[in-house]
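Topology and contacts: notes
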Amino acid sequence: MWLKDAPLIREDERADVNQESLDRIFTIPESNGATLARIEKAISSNLDGFLREHIVAEEKPMPEIEEEFSSVEITEKPFYVSAYTDFILKHLVAQSVHTSSPGFIGHMSSALPYFMLPMSKIITALNQNMVKVETSKAFTPMERQVLGMLHNLVYQRDDTFYKKWLHSPDHALGAFCSGGTIANITALWVARNNILGERAISRKGLHGAIQEAGIKGLVVLVSQRGHYSLLKAVDLLGLGRDNLITIPTDKHHKVDVSVMHDRAMELQDQGYKVLSVVGIAGATETGSVDPLKEIASLGKQLGCHFHVDAAWGGPTLFSEKYKGLLEGIDHADSVTIDAHKQFYVPMGAGMVLFKDPNAMRSVELHAEYIIRRGSRDLGQQSLEGSRPGMALLVHAGLNIIGQKGYEMLIDQGIEKAKYFAQIIEEHDDFELLVRPELNILGYRFAPKWVRECLQSTDNETANWINEKLDFINKNIQKAQRAEGKTFVSRTRIGFEKYNGSQLVYFRVILANPLTKQADLHRVLRHQLKFAGHEIARQILSEIKNRCG
Ligand SMILES: Cc1ncc(COP(=O)(O)O)c(C=O)c1O
């Protein structure tokens with residue numbers, strides 16, 4: 001059986017497969033009263049209402065959901081669109097996550113501007129393929145313009161520069177892709193081929209090129225807060241995961257550049273070449289921004305590539321008030337920015353920008369039937385092949401929200417994070433662990449008397465208490481997620497304040513413009529409710545006994 005509800009669907013809800021029915025699904029939209037048409041109308045007229053109505057709050061166990069999607073048979077007698085849509089509403093939409101809810105402040109997904117929906121439909125309707133001009137035409141210069149706008153946001157070159165390079169067929173100011181992971185991989189791919197020489201690497205492969213360069217291997221240096229996509233990058237590029245060298249951070253979760261420097265020197269002495277130093281502008285777990293200017297100087301001293309992963313924090317550049325936090329980003333050879341994060345574009349849109357319009361020539365590839373030499377085909381440089389025209393959504397955002405609109409969104413997010421940090425600090429039951437630099441912060445449930453005990457007790461007891469608190473916080477987060485009314489995520493990193501001990505904490509991301517101060521108070525209220533449960537109370541009394 002294909003769908004779990006299939007036995008419940010009447011025979012007359014099954015379609016005959018014939019030429020006429022095939023023609024219909026490729027041409028004739030359903031009548032206005034049909035389920036799919038009603039959904040489209042509801043989504044267009046009141047998206048929030050649609051999501052509230054159809055996403056149910058209670059958590060259904062994953063194995064039950066898996067059961068509903070467990071058959072691998074492909075149906076011979078397919079369903080009518082309406083019958084299928086009913087199934088989807090009941091089993092898929094209902095069990096999705098309400099990522100745009102104002103109380104959903106745990107991940108990097110937010111509410112989207114309403115115009116993204118019809119714009120996405122235009123992309124699907126046109127079904128352009130960005131790999132080559134023959135299937136994208138005007139979408140190609142539009143995507144290049146988007147890359148140029150972002151390049152301008154980061155590097156601020158003059159008009160002559162953009163006139164010369166923006167649409168130059170043999171050059172690229174960057175590459176559009178499906179997200180930050182591909183952007184980071186592309187940045188290091190370009191860096192690798194430029195450092196080893198495109199000819200050497202394409203002729204002899206990595207091993208041969210490394211031998212020819214007379215080095216032991218290539219290494220990439222990044223803070224311990226670097227995103228795991230960098231591990232994927234060094235793995236794919238043949239460098240090996242051990243050769244992503246992670247550098248400790250200071251108490252503000254920023255990379256310690258003097259340690260990065262010393263480690264680079266050590267590695268060079270051992271015969272390694274530093275391929276790239278990487279700075280983070282908005283670390284995934286802490287929102288911290290590395291000292292980009294200092295990393296740029298180190299990169300220059302080492303003669304290596306300098307990449308900035310600004311997947312999250314890049315749009316901070318829109319803010320007059322906060323762009324200074326990213327000082328030095330314009331020295332980067334490449335910069336990753338995700339559009340499906342703080343550009344408020346749906347999932348599947350990322351970008352990597354290159355300071356030098358020639359940089360991507362080292363990864364250029366041609367084929368006879370498409371991406372021909374001298375053509376304007378974007379597929380010549382991009383890692384991905386066929387790609388949708390997602391750049392339209394960034395183009396729409398840049399034109400409809402604009403610099404001022406994005407500035408407001410960024411400022412509001414950072415100010416909301418500061419407000420939340422303040423109420424946490426004033427609260428007797430919570431401890432602020434990651435002070436927000438951008439709009440990401442971290443805290444945990446830790447009553448004041450426990451914190452006082454932690455300050456005055458010996459190391460062994462402190463570790464024991466922290467383990468108990470980890471357990472309580474993990475359970476609060478799980479219970480809150482299961483209840484489905486509000487949501488924060490959780491992670492675990494080391495904190496200098498507790499001698500580097502790894503602590504579980506709530507991770508909050510405040511980018512959703514629908515989130516108001518009252519929602520933040522609501523999140524804390526829910527957490528306190530779960531902290532009052534029997535098991536948590538028992539653990540707290542154990543801690544009290546030990547603290548004396
Ligand atoms: C700093 C950073 N870099 C890269 C990525 C990867 O982006 P994506 O999930 O779009 O591939 C993320 C995702 O959260 C991120 O926070």
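In this convention, every chain numbers its residues from 1, walking through the sequence in written order. Restriction of local features to residues with pLDDT of at least 70 applies here, the model being predicted, together with a cutoff of 80 or more for giving and counting side-chain atom pairs; totals for whole chains, interfaces and linings are based on all residues. Think of the side-chain values as coming from all heavy atoms in the structure, minus any hydrogens and water.

Another aspect to go through is the overall build of the protein. Under the DSSP-based scheme used, a helix requires at least four consecutive residues in state H or I and a strand at least two consecutive residues in state E, with every element numbered from the N terminus. A tally of helices and strands in the protein yields 19 helices and 11 strands. Within these notes, the globule rule equals 2.2 Å times the number of residues to the 0.38 power, and the radius of gyration is based on C-alpha atoms. Against the compact-globule benchmark of 24 Å for 548 residues, the protein has a radius of gyration of 26 Å, which places it among compact chains. Principal axes of the C-alpha set define a box for the protein whose edges measure 80 × 70 × 45 Å. Every one of the 548 residues in the protein was classed for burial, and the buried ones make up 52%. To sort residues, take the accessible area from a 1.4 Å probe on protein chains only and compare it with the maximum for the residue type: under 20% means buried, over 50% means exposed, and anything in between is partly exposed.

Let us now look at the packing of helix H6 (residues 116–126) against helix H14 (residues 391–400). The description of two packed helices rests on the angle between their axes and on the distance between the axes. Remark: H6 packs on H14, axes separated minimally by 10 Å, with the N-to-C direction vectors making an angle of 145°. Taken as a pair, H6 and H14 cross one another with a handedness that is right-handed. Together, Met116, Met119, Ser120, Ile122 and Ile123 of H6 and Leu392, Leu393, Ala396, Gly397 and Ile400 of H14 make up the contact between the two elements. All residues other than Ala, Val, Leu, Ile, Met, Phe, Trp, Tyr, Cys, Pro, Asp, Glu, Lys and Arg, Gly among them, are scored as polar; the first ten of these are nonpolar and the last four charged. Across the contact of H6 with H14, the residue classes tally to 8 nonpolar, 2 polar and no charged. Here an axis means a line fitted to C-alpha atoms, over the contact stretch when the element is a helix, while the angle between two N-to-C directions is reported on a 0 to 180 degree scale. Helix crossings are classified by the rotation of the near helix relative to the far one: an anticlockwise turn of less than a right angle makes the crossing left-handed, while a clockwise turn makes it right-handed. Should any heavy atoms of two residues lie within 4.5 Å, those residues are counted as being in contact.

In this description, the term disulfide denotes a pair of cysteine sulfurs within 2.5 Å. Applying the stated criterion across every chain yields a total of 1 disulfide. Linked covalently through their sulfurs, cysteine 453 and cysteine 547 form a disulfide whose S-S length is 1.9 Å. Measuring handedness by torsion sign, the sulfur bridge of cysteine 453 and cysteine 547 sits at about -95° and is left-handed. Taken together, the residues cysteine 453 in helix H16 (residues 448–456) and cysteine 547 in helix H19 (residues 534–547) connect sequence positions 94 residues apart.

This part takes up the sheet that holds strand S8 (residues 430–434). What links the strands of a sheet is backbone hydrogen bonding, and the strands pair in either a parallel or an antiparallel sense. If DSSP finds at least two bridges between two strands, the strands pair. A sheet is described by the order of its strands in space; here 4 strands give the open sequence S8-S9-S11-S10, paired in antiparallel fashion. Of all the strands in the sheet, the pair left with one neighbour each is S8 and strand S10 (489–495). Strand-to-strand twist across the sheet, computed as the mean angle between neighbouring axes with direction ignored, equals 45°. Relative to strand S11 (residues 501–509), S10 runs antiparallel, the two sharing 7 bridges. For isoleucine 493, the partnering residue across the bridge sits in S11 and is leucine 503. Against the sheet, helix H17 (residues 459–483) touches strand S9 (440–445), S10 and S11, its axis set at about 30° to S11.

Before going further, it helps to spend a moment on the environment of tryptophan 189. Residue position: tryptophan 189 is located in helix H9 (residues 180–196). Taking the relative accessible area as the measure of exposure, tryptophan 189 reaches 17% and is therefore buried. In the structure, tryptophan 189 is positioned 173 residues away from serine 362 in sequence and 8.9 Å away in space, judged by C-alpha atoms. Not counting residues up to four positions away in its chain, the partners in contact with tryptophan 189 are Leu237, Val363, Gln381, Ser382 and Leu383.

This next bit is on the sheet that holds strand S4 (residues 272–280). Taken in spatial order, the 7 strands line up as S1-S7-S6-S5-S4-S2-S3 in an open sheet, and their pairing is mixed. Looking at the sheet topology across the chains shown, the edges are occupied by strand S1 (174–177) and strand S3 (244–247). Strand-to-strand twist across the sheet, computed as the mean angle between neighbouring axes with direction ignored, equals 20°. Sheet topology note: the strand S2 (residues 217–223)/S3 ladder contains 4 bridges and is parallel.

Let's shift gears to the nonpolar core. Grouped together as the largest cluster of nonpolar side chains are 74 residues, with contacts concentrated most on Leu221, Val277 and Phe343. The biggest single contributor to this core is helix H7 (residues 139–155), with 8 residues. Counting residues in hydrophobic clusters, the runner-up holds 40 residues, among them Phe420, Val450, Ala531 and Ile539. Among the buried residues, those of types Ala, Val, Leu, Ile, Met, Phe, Trp, Tyr and Cys that are joined through side-chain atoms within 4.5 Å form a nonpolar core.

Time to look at the packing of aromatic side chains. Aromatic ring pairs are defined here through the distance separating the ring centres and the angle between the ring planes. Any Phe, Tyr or Trp ring, taking Trp's six-membered ring, that has another such ring centre within 6.5 Å forms a pair; planes under 30 degrees apart are called stacked, those over 60 apart edge-to-face, and the others tilted. Applying the stated criterion across every chain yields a total of 12 aromatic pairs. Through successive ring pairs, a cluster of aromatic residues spans Phe420, Phe430, Tyr443, Phe445 and Phe506. Only when the NZ atom of a Lys or the CZ atom of an Arg is both within 6 Å of the ring centre and within 35 degrees of the ring normal do we say a charge sits over the ring. Over the aromatic face of tryptophan 449 sits the side chain of lysine 544, whose NZ or CZ is 4.4 Å from the ring centroid. The ring of tryptophan 464 carries the charged tip of arginine 546 above its face, separated from the ring centre by 4.6 Å.

Take H14 next. The buried count for H14 comes to 8 of 10 residues, which makes it a mostly enclosed element. Listing the buried residues of H14 in full gives Ala391, Leu392, Leu393, Val394, His395, Ala396, Gly397 and Leu398. Each element contacted by the buried residues of H14 is listed here: H6, H7, S1, strand S7 (350–354) and helix H15 (402–426). Positive backbone phi, approximately 70°, marks glycine 402, located one or two places after H14.

The topology assignment puts tyrosine 498 in the loop between S10 and S11. Considered as a pair, tyrosine 498 and histidine 261 are 237 residues apart in the sequence and their alpha carbons are 26 Å apart. Once you skip the residues sitting within four places of it in the chain, tyrosine 498 turns out to touch Glu431, Leu433, Arg444, Leu454, Gln455, Asn466 and Leu503. Counting of polar contacts relies on pairs of N or O atoms within 3.5 Å, with two restrictions inside protein: one atom must be capable of donating a hydrogen and the other of accepting it, and residues adjacent in sequence are counted only when both atoms are side-chain atoms. Among the polar contacts listed, one links the side chain of tyrosine 498 to the side chain of glutamate 431, at a separation of 2.6 Å.

Our next topic: a nonpolar patch on the surface. To count toward a patch, a residue needs a relative accessible area above 30% and no salt bridge. Like charges then connect within 9 Å, nonpolar side chains (Val, Leu, Ile, Met, Phe, Trp, Tyr) within 5 Å. Per-residue accessibility takes into account occlusion by the displayed protein chains alone, with areas from the Shrake-Rupley method and a 1.4 Å probe. By salt bridge we mean one thing: a side-chain nitrogen of Lys or Arg within 4 Å of a carboxyl oxygen of Asp or Glu. A cluster of nonpolar side chains, contributed by Leu22, Ile25, Phe26, Leu36 and Val81, occupies part of the molecular surface with about 490 Å² of accessible area. For the nonpolar patch, the element with the highest residue contribution is helix H1 (residues 19–27), accounting for 3 residues. Its place among the elements puts leucine 22 in helix H1.

Turning to the site of the ligand, a few remarks are in order. Any residue with a heavy atom positioned within 4 Å of a molecule or strand is treated as near that molecule or strand. What surrounds the ligand is a group of 14 residues, the closest being Thr181, Thr284, Asp309, Asp338 and His340. Take glycine 180: an N or O atom from its main chain is 2.9 Å from an oxygen atom of the ligand. The contact in question runs from an oxygen atom of the ligand to an N or O atom on the side chain of threonine 181, over 2.6 Å. Out of a free accessible area of 390 Å², the ligand has 86% covered by protein chains. The greatest single-element share of the shell around the ligand, amounting to 3 residues, is contributed by H9. The residue makeup of the shell around the ligand, split by class, is 2 nonpolar, 9 polar and 3 charged.

Moving on to the pattern of salt bridges. Enumeration over the complete set of coordinates arrives at 25 salt bridges. Its salt-bridge partner being arginine 52, residue aspartate 48 comes within 2.8 Å of it at the nearest N-O pair. Of this pair, aspartate 48 and arginine 52 are both found in helix H3 (residues 47–54), 4 residues apart, which corresponds to roughly one turn of the helix. What makes aspartate 48 partly exposed here is its relative accessible area of 29%. The closest approach of N and O atoms between lysine 497 and glutamate 431, which form a salt bridge, is 2.7 Å. A residue pair is termed long-range when its members are at least 10 positions apart, and lysine 497 in the loop between S10 and S11 and glutamate 431 in strand S8 qualify at 66 residues.

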